[in-house]
Amino acid sequence: MSSMRLYLITATLAVLTLFNFVAALQGYRASLAEAEQLFDNQLRQTAELIANLPTGHFESQLRQRDNLAYQVWHDHELLAASSSTLRDPITELLPGFGHANFDGYRWRTLVYYDGQQDNWVVAAERTDLRYMLAESVITQAVLPILLGIPFAGLLIWLIVSHGFKPLRDLSEQLKNKQANDLTPVEIPDLKSELEQVNHSINALMRRLGTALEREKRFTADAAHELRTPISALKVQLHNLKEEIPPGNESFSQLEAGVERMQHLVEQLLSLYRSTPEEFSHHFTRLNLYRLAQDVIANQHQDFENKQQVLELNGVDAYVEGDPFALTTMLQNLLSNANKYTPPGGSVRVTVEPTGNHICLKVEDSGPGIAPTDYGKVFERFQRLNDKRGTAVAEGCGLGLTIVRHIADLHRARASIAPSSFASGAAFIILFERVTPHD
Amino acid sequence: MQILLVEDDRPLAKGLQTALRKQGYSINHVETGEACLHVVATEPPDIIILDLGLPDMDGLKVLQKIRDRQATLPVLLLTARDTVDDKVTGLDSGADDYLAKPFDMTELLARLRVLERRLGTVKSTRIHIGDVSLDTTNQTAYFRDEPQELSRKEYMLLKSLMENAGKVLTRSTLEARLYSWGEEVCSNALEVHIHHLRKKLGSDFIKTVRGVGYKVAKP
C-alpha cells in the first residue's frame, strides 16, 4: 500500500532537487561566461601595459607568470618574449582575441597593435588555469545550494509529517476500534479538510448504531410474535392428545413438526444473538462446570427418552464468558450428541483444565464423523449425509454453527476428534483459563 | 381453584382455558393489564397466570400493582423474553415462578401444582409417583402405602425431587434447599440422605446423574 506522506515527501524532494540542480547548472554556466569576460579584460590591460613599457624593460617589469606568455613584434622582428623558446609567432598577427596551442597547452590569445610605436603585442593566457580559477570561485557560490538539499529534505519531511498528524490520528483511532464500538471518533484540533470525513464517519456510526438497535428490537418483537403462536399450537396439541387414540401417526407427525418449528425459531434467535455486537460487554467470570451441571439437568429428559447414559466429569473451572451464550453452546452440543447417538448409547461431558486452557469436551458413542468432514461440520445449514444422519437428522443445521460462533466470541477454539468410546465424535472447546480470584 | 389468566393472544388463551378446565381448574380470562387489576381488586383469584407482553401496559408493572394489593397472591409469569436478565427481573419483581414461551403444557401443570400446594388449599396434598407418595400436610412418605419415617432433611429432599419429577436437580440446588446459610455442609451429607431415602423407598426411585445431581422419573 502506498503512503500519501511518502509520496508527498519524495515528490517534493524530487522537484526541489531538480530545480536546484538546473539553477546551479545555469548559474555555473553564466558565471563561467562572466569570468571569461573578466579574464579577457585583464588580458587586454596586460597587453596594453606591455605595449607601453619601454623596450628592453619587459623582463624586469613583468613578473614571470606561469599562465602568461607574450611576444612583442616590430616589423616582423621579435623584440621581446616571455620565454626564449618562443621564437615563432604565437598566432597570426591580426588584432583581436583568439585561441592557440603551443608549449603543450591551450591558450587564450590577444593580438594588440600599438599604432604609435608600430608594435604588435601578443599576450596569451593558459585556458586550463583560467578555468581552474573560475571554477573554484563559482563552485564556492553554487555548492551551498546543493548542500542545502538534504537539509531542505529533512525540513520537508518534518513539516509533511506534522501536517499529516490529524489524518494519522483519525486512522489510528479507527484501527483501534472494537467491532462493537460505535461511539463517535474524537479528534482534538481537527483540521478543516478532515472535518467532513470525521463528521461522515460519526454519522455512519450513529446510523449503524440505530440500525443495530432497531434490529435488536425487531428480534425481540419477532421472538414474541413467533413464540406465542407456537405456544398456542403446543397447548392445542396437548388438548388434542386426549381426544384421539394414542399412537396416531398423523398426530405424532404434527407434534414432531411443531417441535421442529420451535427448535428452528430458537436456533435462529440464538444465531442472531451470537453476533459480536450482542455480546462481550456481558462477559463475567463463571464456573463452566456448574454451568454444565445446569444444562445437563435441564436436558436430561431427552437422554432418558433414548435410554442414553449422560454423565459429567471434571472439576470447577472458571472462564470469562456470557452465561446465556455458553448455555446455548452446551445445549446445542448436547442435543447434537443426543440426536446422533443411537438409543442406549453414551454421552460424556468433561470440563477440565489442560495446561493454559479450560477444556470442554462432549463425547458420544454415535457413528462418528469422518475426519475429511471435520471442516464441514461447523458450516451453516450443513448436515452430513454419509456416516451419520440418514434417518435421525431432525435438526435445522444451525446448531454447530452457533457453537462455533459462540466459541469465536469467547476466543475459544472449537474442534472435533474421535471420541474415547468405541465409536463416535468428540467436540472439544478450548477456553482461555481464568483464575478464580479477582 | 380459581385461576386468572392474563393473556392477549386469543388462540393461546383459548387453548389454555380448555386444557386447564380439563384439569379441574376454574378459569377467568382477561386480555389487558387494566382488566386484570380490576379483577384482582373485585374478586381476587387463587393464582394468576400473567403474560408479560400485554397491549395496554407492561406486565411487570401489572405485577407490581398486584403486589401492592395482594402481597401473597401467587403469580406465574409467562413470557416470550428468555434471557437470564429477564428472568431475574421477573422474579425480583415478585413473581412466584417464571415460564418461557413456548412451554410444555405438562410443565405448566406441574408448576401450578407446586403453587397450589404452597397455598395449602388443595384437597389432595399427596404427590403420587410410582410406588411412592408424599403427603405434604403431615409430611409423611408412603412406599407401597406403607408409611415411612423421614427426617426433616430427608422429607425436604424428597419433596424437592418429587415436585420437580422428571427434572434433574443439581447437587448445589439441593444443598441450597436443605441447608440455610452458615450451616455447615459435609461433603457427602447429600449422599447420606439419598442413601437413607433409597433404603426406605426402593433403590431405583431416585436416580443419580453422574457429575450433575439426582432426579425422580416423571409419573
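Residues numbered from 1 in each chain as written. Chains lettered and ligands numbered in written order. Predicted model: local features only at pLDDT ≥ 70, side-chain atom pairs only at ≥ 80, totals over all residues.

**A look at the overall build of chain A**
Scanning chain A for helices and strands turns up 10 helices and 12 strands. Counted over contacts in chain A with a minimum sequence separation of 6, partners at least 24 positions apart contribute 63%. (Helix = DSSP H or I, 4+ residues; strand = E, 2+ residues; numbered from the N terminus. Contact = placed C-beta atoms within 7 Å.)

**Regarding the overall build of chain B**
When its secondary structure is counted, chain B shows eight helices and 12 strands. Looking at chain B residue by residue over its 219 residues, the buried ones come to 32%. The contacts of chain B with a sequence gap of at least 6 include a subset with a gap of at least 24, amounting to 53%. (Buried ≥ 20, exposed ≤ 12 C-beta atoms within 10 Å, placed from the backbone.)

**Thoughts on the interface of chain A and chain B**
Listed per partner, the contact involves 27 residues of chain A and 29 residues of chain B. Contributions of two or more residues to the side of chain A that touches chain B are made by α5 (192-241), α7 (288-305), β7 (309-314) and α8 (323-340) of chain A. Examining the composition of the side of chain A that touches chain B, we find that 13 residues originate from one element, α5 of chain A, more than from any other. Its residues placed into classes, the side of chain A that touches chain B shows 11 nonpolar, 11 polar and five charged. (Nonpolar A, V, L, I, M, F, W, Y, C, P; charged D, E, K, R; others polar.)

**Describing the sheet that holds strand β11 (residues 413-418) of chain A**
Either a parallel or an antiparallel arrangement is found when strands of a sheet pair, and the pairing is made through backbone hydrogen bonds. All names here are of chain A. A sheet is described by the order of its strands in space; here five strands give the open sequence β7-β9-β10-β12-β11, paired in mixed fashion. Looking at the sheet topology across the chains shown, the edges are occupied by β7 and β11. Neighbour-to-neighbour, the strand axes of this sheet turn through a mean angle of 15°, independent of strand direction. Across six bridges, β7 lies against strand β9 (residues 346-354) in parallel orientation. Looking at β9, one finds that Val309 is bridged to Ser346. Against the sheet, α7 engages β7, β9 and β10 (357-364), with an angle of about 175° to β7. (Pairing = 2+ DSSP bridges. Axes fitted to C-alpha atoms, helices over the stretch in contact; angles between N-to-C directions.)

**Some details on the confidence of the model for chain B**
Caution applies to low-pLDDT parts of the model: their predicted coordinates are not meant to be read in detail. Summary statistics for chain B give a mean pLDDT of 86 and a share of 92% for residues scoring 70 or more. As scored by the predictor, the complex reaches a pTM of 0.57 and an ipTM of 0.72. (pLDDT = per-residue confidence, 0-100.)

**Some points on the nonpolar core**
Residues Leu288, Ala292 and Ile296 of chain A are the most contacted members of the largest nonpolar core, which totals 61 residues. Other than its neighbours up to four places away in sequence, Leu288 of chain A contacts Ala317, Val319, Val351, Ile358 and Leu360 of chain A. In terms of nonpolar packing, the next biggest core, distinct from the first, is built from 33 residues, Ile230 of chain A together with Ile3, Leu5 and Cys36 of chain B among them. (Core = buried A, V, L, I, M, F, W, Y, C linked by C-beta atoms within 7 Å.)

**Here we look at the environment of Glu175 of chain B**
All names here are of chain B. Here Glu175 lies in helix α7 (residues 171-178). Using a count of 16 C-beta atoms within 10 Å as the deciding quantity, one classes Glu175 as partly exposed. Through-space distance from the C-alpha of Glu175 to that of Leu190 is 7.2 Å; in sequence the pair is 15 residues apart.

**Structural notes on the packing of helix α1 (residues 4-52) of chain A against helix α3 (residues 127-163) of chain A**
The geometry of a pair of packed helices is captured by two quantities: the angle between their axes and the separation between those axes. All names here are of chain A. Two numbers describe how α1 lies on α3: the axes approach to 9 Å, and their chain directions differ by 165°. By the criterion of interaxial angle, the relationship of α1 to α3 is roughly antiparallel. Crossing handedness for the pair α1 and α3: right-handed. Each residue belonging to the contact of α1 with α3 can be placed in one class, and the counts come to 22 nonpolar, seven polar and two charged. (Parallel < 35°, antiparallel > 145°, perpendicular 65-115°, else oblique. Left-handed = near helix turned anticlockwise from the far one by under 90°.)

**Re the pairing of strand β8 (residues 140-143) of chain B**
Residues and elements named next belong to chain B. In this sheet, β8 lies alongside strand β7 (residues 132-135) in antiparallel orientation, the contact comprising four bridges. Of the residues in β8, the one forming a bridge with Asp135 is Thr140. Between the end of β7 and the start of β8, which pair antiparallel, lie four residues, with Gln139 showing a positive phi angle near 55°. As paired strands, β8 and strand β9 (residues 146-148) are joined by three bridges and run antiparallel to one another. When the sheet's bridge partners are listed, Tyr142 is paired in β9 with Pro147. Here β8 folds back onto β9 in antiparallel fashion, the turn holding two residues, of which Arg144 has a positive phi close to 50°.

**Considerations on the pairing of β7 of chain B**
Residues and elements named next belong to chain B. A one-sided burial pattern is seen for β7, the buried positions being Val132 and Leu134 and the unburied ones Ser133 and Asp135. Across four bridges, the pairing between strand β6 (residues 126-129) and β7 is antiparallel. Looking at the pairing, Ile129 lines up with Val132 of β7.

**Digging into the sheet that holds strand β2 (residues 77-81) of chain A**
All names here are of chain A. Read across the sheet, five strands follow the order β2-β1-β5-β4-β3 without closing on themselves; strand pairing throughout is antiparallel. Two strands close off the open sheet at either side, each with one partner strand: β2 and β3 (96-102). Averaged over all neighbouring strand pairs, the angle between strand axes comes to 25°, with direction disregarded. The sheet contacts of α3 involve β4 (105-114) and β5 (119-126), and relative to β4 the element is tilted by about 105°.

**A short note on unusual backbone geometry**
Residue and element names in this part refer to chain B. Residue Lys101 is joined to Pro102 through a cis peptide bond whose omega torsion reads -5°. Relative to the elements of secondary structure, Pro102 occurs in the loop between β5 (97-100) and α5 (105-119). The phi angle at Arg144 is positive, at roughly 50°, despite the residue not being glycine. In this structure Arg144 comes out as exposed when scored by C-beta crowding, with 11 C-beta atoms within 10 Å.

**Points about the packing of helix α6 (residues 152-163) of chain B against α7 of chain B**
Residues and elements named next belong to chain B. For the pair α6 and α7, the least separation of the axes is 10 Å and the interaxial angle reads 135°. Classified by the angle between their axes, α6 and α7 sit oblique to one another. Viewed along their axes, α6 and α7 form a crossing whose handedness is right-handed. The segment α6 lies against α7, with Lys153, Met156, Leu157 and Ser160 engaging Leu174, Arg177 and Leu178. The residue inventory of the contact of α6 with α7, partitioned by class, reads four nonpolar, one polar and two charged.

**Looking at the confidence of the model for chain A**
Looking at chain A, the pLDDT average stands at 83 and 88% of residues meet or exceed 70. Confidence over residues 386-393 of chain A falls short of pLDDT 50; this stretch has 15 contacts with residues more than four positions distant or in other chains.

**Observations concerning the environment of Gly366 of chain A**
Structurally, Gly366 of chain A is set in the loop between β10 and α9 (374-377). Taking C-alpha positions, Gly366 of chain A is 6.2 Å from Pro342 of chain A, a pair spaced 24 residues apart along the chain.

**Section: helix α8 (residues 189-201) of chain B**
Residues and elements named next belong to chain B. Relative to the 18 Å expected for 13 residues at 1.5 Å per residue, α8 spans 18 Å between its end C-alpha atoms, a close match to the ideal helical length. Restricting attention to buried positions, one finds in α8 the residues Leu190, His193, Leu197 and Leu201. One face of α8 carries all of its buried residues, which in axial projection span an arc of 65°. For α8, the exposed residues lying more than 90 degrees away from the buried face are Val192, His195 and Lys199. For α8, the elements touching its buried residues are β7, β8, β9, α6, α7 and β11 (206-209). Phi turns positive one or two residues past the end of α8, at Gly202, with a value near 95°. (Expected span 1.5 Å × (residues − 1). Arc of directions from axis to C-beta.)

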